[in-house]
Amino acid sequence: MRPSPKTDVLMAVDAALRPTGFVRRGHVWLQERGDGVAGWLGFGLAGSVDVTPLVGVCFRRYDEVCRVLGVGIPTTPFVSTPVGSLMGEKPVWRWTFEPGGDHTATASSLVSAFLKHGKPYIDKHAKWDALSRDLVARPESLLDFERARKLAIIHVLNGNVGAAGEVLKKERERVADSKDVYARSYRAFAHRFELVFAN
């Protein structure tokens, strides 16, 4: 039986990525960078043959805290962005692979764009100390629904449980009267966090 069009495309991308040091791990590609840091490449798939590359950085220390707290998904990047958002003028957001065609040229084009625009993003964000300082200084750069959780974990990993507590308190006050899914989930997270990292 012939593989599905999606499988064909991902196999072509995998072959083009092989020389870059990115290795497929399930549905994503990782490049180990030492000290528990990995470059991350994933793809949004639309239909059967439209591929949107996303680039990011994973930190094992962050993943370990998330696992203890029962949140997050392993090998999900701590920070990420679409490659298209890094391309400046005339960005390419998706690469279209023709069903049943030779995918080599399109996969090569995608990987070239990733190396030119995505790899520098990984290089810039692969240092925990610099990245965590930047996120604390510019918390608005994090998405609303992840900001309090990520900032609290950053503070704990950087040895400042008091600052983590302040983040949790401020967000708890902000959502105190809300009964939506985020507020309920956040309150449960904050409770687990305080149990695990009690002063």
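Keep in mind it's a predicted model, so treat the numbers as computed, not measured.

What counts as what
Residues numbered from 1 in each chain as written. Predicted model: local features only at pLDDT ≥ 70, side-chain atom pairs only at ≥ 80, totals over all residues. Heavy atoms only, no water. Helix = DSSP H or I, 4+ residues; strand = E, 2+ residues; numbered from the N terminus. Buried < 20%, exposed > 50% of the residue type's maximum accessible area, 1.4 Å probe, protein only. Contact = heavy atoms within 4.5 Å. Areas by Shrake-Rupley, 256 points an atom, 1.4 Å probe, with all protein chains shown as cover. Lys, Arg positive; Asp, Glu negative; His and termini not counted. Charge placed at Lys NZ, Arg CZ, Asp CG, Glu CD. Axes fitted to C-alpha atoms, helices over the stretch in contact; angles between N-to-C directions. Parallel < 35°, antiparallel > 145°, perpendicular 65-115°, else oblique. Nonpolar A, V, L, I, M, F, W, Y, C, P; charged D, E, K, R; others polar. Left-handed = near helix turned anticlockwise from the far one by under 90°. Patch = residues over 30% accessible without salt bridge, like charges linked within 9 Å, V, L, I, M, F, W, Y side chains within 5 Å. Salt bridge = Lys/Arg side-chain N within 4 Å of Asp/Glu carboxyl O. pLDDT = per-residue confidence, 0-100. Core = buried A, V, L, I, M, F, W, Y, C linked by side-chain atoms within 4.5 Å.

**Concerning the overall build of the protein chain**
Secondary structure assignment for the protein chain yields 7 helices and 6 strands. Overall, the protein chain shows an N-to-C arrangement of helices and strands of α-β-β-β-β-α-β-β-α-α-α-α-α. A principal-axis box enclosing the C-alpha atoms of the protein chain has dimensions of 60 × 35 × 35 Å. Across the 199 residues that make up the protein chain, the buried fraction comes to 41%. Intrachain contacts of the protein chain at a sequence separation of at least 6 include 54% that bridge at least 24 residues. Element-wise, carbon and sulfur atoms account for 55% of the exposed surface of the protein chain, whose accessible area totals about 11,100 Å². Where the 28 positive side-chain charges of the protein chain centre and where its 22 negative ones centre are 1 Å apart.

**Quick look at the packing of helix H5 (residues 144–157) against helix H7 (residues 181–196)**
Contact geometry for H5 and H7: axes closest at 10 Å, N-to-C directions at 10 degrees. Here H5 lies roughly parallel to H7, going by the angle between them. Contacts from Asp144, Phe145, Ala148, Arg149, Ala152, Ile153 and Val156 in H5 reach Tyr182, Tyr186, Phe189 and Phe193 in H7. The residue makeup of the contact of H5 with H7, split by class, is 9 nonpolar, no polar and 2 charged.

**A few points about the packing of helix H1 (residues 5–17) against helix H3 (residues 104–125)**
Where H1 contacts H3, the axes come no closer than 9 Å and their chain directions differ by 50 degrees. With respect to H3, the element H1 is oriented oblique. Judged by the sense of rotation from one axis to the other, the crossing of H1 with H3 is right-handed. Seen from H1, the contacting residues are Ala12, Val13, Ala16 and Leu17; seen from H3, they are Ala107, Ser108, Val111 and Phe114. When grouped by side-chain class, the residues that make up the contact of H1 with H3 number 7 nonpolar, 1 polar and no charged.

**Some remarks on a nonpolar patch on the surface**
Among the surface-exposed residues, Val68, Leu195 and Val196 lie close enough to one another that they form a single nonpolar patch of about 280 Å² accessible area. Of note, Leu195 is situated in helix H7. When its relative accessible area of 60% is taken as the criterion, Leu195 is described as exposed.

**Focus: the confidence of the model for the protein chain**
Of all residues in the protein chain, 97% attain a pLDDT of 70 or more, and the chain-wide mean is 91. Per-element averaging of pLDDT across the protein chain places H1 at the bottom with 88 and helix H4 (residues 128–137) at the top with 96.

**A short note on the nonpolar core**
When a protein is soluble and globular, its nonpolar side chains tend to lie buried together. Counting residues in each nonpolar core, the largest one holds 53 residues, and the members touching the most others are Phe78, Phe97 and Phe193. Beyond its immediate sequence surroundings of up to four residues, Phe97 is in contact with Val9, Val13, Val49, Val51, His103, Thr106, Ala107 and Leu110. Of all hydrophobic cores here, the second largest spans 5 residues; its members include Val28, Ala38, Trp40 and Cys58.

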